[in-house]
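# Commentary on secondary and tertiary structure
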Amino acid sequence: RQPLVVSSEVFYVAQKGQYYAEISDGAFDPTIAPLVDLWGFLNGSYRLPSPDELEEVLPLVDYTRVELNEEQRTIFLAEKSASFDYGAIAKGFIVDQALAILADREVKSAFINAGGDIGLIGSRPDGHSWRIGIRDPRNENRIIAVLPLNNRAVVTSGDYERFFDDQGVRYHHILDPASGMPAGSLASVTIVAPTTLEADALSTAVFVLGPDRGMHLIEELEEVEGVLITTDLTFLVSSGLVGT
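Residues numbered from 1 in each chain as written. Predicted model: local features only at pLDDT ≥ 70, side-chain atom pairs only at ≥ 80, totals over all residues. Heavy atoms only, no water.

### Quick look at the packing of helix H1 (residues 8–23) against helix H5 (residues 196–209)
Stated formally: Throughout, an axis means a line fitted to C-alpha atoms (over the contacting stretch in the case of helices), and angles, computed between N-to-C directions, take values from 0 to 180 degrees. We count a stretch as a helix when DSSP gives it H or I for four or more residues in a row; a strand needs E for two or more, and each element gets its number in order from the N terminus. Any angle between 65 and 115 degrees counts as roughly perpendicular, while under 35 counts as roughly parallel, over 145 as roughly antiparallel, and the rest as oblique. Working rule for handedness: look at the near helix, and if it is turned counterclockwise from the far one by less than a right angle, call the crossing left-handed; if clockwise, right-handed. In this analysis, two residues are considered to be in contact whenever any of their non-hydrogen atoms come within 4.5 Å of each other. Ten residues, namely Ala, Val, Leu, Ile, Met, Phe, Trp, Tyr, Cys and Pro, are considered nonpolar, four, namely Asp, Glu, Lys and Arg, are considered charged, and the remaining ones, Gly among them, are considered polar.
Between H1 and H5, the shortest axis-to-axis distance is 10 Å and the interhelical angle comes to 45°. Between H1 and H5, the angle is such that the two are oblique. Two packed elements cross with a definite hand, and for H1 against H5 that hand is right-handed. The segment H1 lies against H5, with Tyr-12, Lys-16, Tyr-20 and Ile-23 engaging Leu-197, Glu-198, Ala-201 and Leu-202. Residues of the contact of H1 with H5, tallied by class, amount to six nonpolar, no polar and two charged.

In structure tokens, the structure reads:
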């Protein structure tokens, strides 16, 4: 109902949310909460919404309506039924904060894994690169690829993390803000980036954008790489990871 003064940390996350929404043409949208709630992904009561329900909620999902005032450090959404969901970026931010604490204490080697959001400091204690596995989207017990990495962040978004089946159709939690439906052409997206926040946001954005537009965005960004796996388990690898 009025601009809300927030902490510097929350405001920073909100600013980053707007940035990734803009560069992804809204594929990442921090105002997606009403849509996620409609599908039951917020409370675990999964359901398939009707077309009329989607039509009613979709106008609430629009990152361009977010008003940020840096001087007063406020956030505002004028539409009273609209709301934020920073679940696709906040965990990455938290991992980055933990890494910063370790770096301040001159830790030279660290691995933090917060439910799939991975942040790395240096190499392994034995001097070898960390080996980060990418799981098979259709077999949780199988690693389908391994990335040797140092001093990087890695986040994977997949259609196997939160989903339900309805009449033989899988509906997962990575929703397309434009259609209101689960994004449908990829099974998983793994992003390698300098920060976990960046990898977190981009894994969602690229998943929604799909293989062609998603890979184009990855290739446009400095120090960002990606491994995309389609629903038929075809691999797409960004230029910087070819041969690793």
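### Brief notes about the nonpolar core
Heads up, the condition is: Buried Ala, Val, Leu, Ile, Met, Phe, Trp, Tyr and Cys residues form a nonpolar core when they are joined through side-chain atoms within 4.5 Å. Residue burial is assigned from relative accessible area. The probe radius is 1.4 Å, only protein chains are included, and a residue is buried under 20% of its type maximum, exposed over 50%, and partly exposed in between.
Counting 35 residues, the largest nonpolar core has Ile-89 and Ile-191 as its most contacted members. Sorting the residues of this core by element identifies H1, strand S11 (186–193), H5 and helix H6 (211–220) as the ones contributing at least two each. If one sorts the elements of this core by residue count, H5 sits on top with nine residues. Apart from the residues lying within four places of it in its own chain, the contact partners of Ile-191 are Ala-153, Val-154, Val-155, Ala-199, Leu-202, Ser-203, Val-206, Ile-218, Val-224, Glu-225 and Gly-226. One finds Ile-118, Ala-145, Leu-147 and Leu-241 within the second-largest nonpolar core, a separate group that totals 14 residues.

### Remarks on the side chain of Thr-230
Definition in use: Definition of a polar contact: a pair of N or O atoms within 3.5 Å, with one able to donate and the other able to accept a hydrogen when the atoms are protein atoms, and with sequence-neighbouring residues admitted only if both atoms are side-chain atoms.
Tracing the sequence through the fold places Thr-230 in strand S12 (residues 225–230). The class for Thr-230 is buried, based on a relative accessible area of 12%. Side chain to side chain, Thr-230 and Asp-232 meet in a polar contact 2.3 Å long. Excluding anything up to four places from it in sequence, Thr-230 contacts Ser-185, Leu-186, Ala-187 and Leu-236.

### Regarding the sheet that holds strand S5 (residues 117–121)
Picture the strands of a sheet paired through backbone hydrogen bonds; they go either parallel or antiparallel. We count it as follows: Here the rule is simple: two strands pair whenever DSSP picks up at least two bridges between them.
One open sheet accounts for six strands, arranged S4-S5-S8-S11-S12-S13; its pairing is antiparallel. Single-partner strands in this sheet number two, and they are strand S4 (110–114) and strand S13 (235–237). Strand-to-strand, the axes of this sheet are offset by a mean angle of 10°, without reference to chain direction. As defined by bridge partners, S5 adjoins strand S8 (residues 153–158) across three bridges and the pair is classed as antiparallel.

### Section: the sheet that holds strand S1 (residues 4–5)
If you walk across this open sheet you meet the three strands as S1-S3-S2, and the pairing is antiparallel. At either margin of the open sheet sits one strand with a lone partner, and together these are S1 and strand S2 (66–69). The pairing of S2 with strand S3 (residues 74–77) spans four bridges and is classified as antiparallel. Looking across to S3, one finds that Glu-67 is bridged to Phe-76. The strands touched by H1 within the sheet are S2 and S3, with S2 carrying the most contacts at an inclination of about 130°.

### Section: the packing of helix H4 (residues 90–104) against H5
Remark: H4 packs on H5, axes separated minimally by 7 Å, with the N-to-C direction vectors making an angle of 165°. With respect to each other, H4 and H5 are oriented roughly antiparallel. H4 and H5 meet at a crossing whose hand is right-handed. Counted together, Ala-90, Lys-91, Gly-92, Phe-93, Val-95, Asp-96 and Leu-99 of H4 and Thr-196, Leu-197 and Asp-200 of H5 form the full contact between these two elements. Residues of the contact of H4 with H5, tallied by class, amount to five nonpolar, two polar and three charged.

### Quick look at the pairing of S5
Within S5, five of the five residues are buried, which leaves it mostly tucked inside the rest of the structure. Neither face of S5 is open: one carries Asp-117, Gly-119 and Ile-121, the other Ile-118 and Leu-120, and all of them are buried. Sheet topology note: the S4/S5 ladder contains five bridges and is antiparallel. Considered in S5, the bridge of Ala-114 is made with Asp-117. With antiparallel pairing between neighbouring strands as the criterion, S4 and S5 make up a hairpin whose turn holds two residues, including Gly-115 at a positive phi of roughly 60°.

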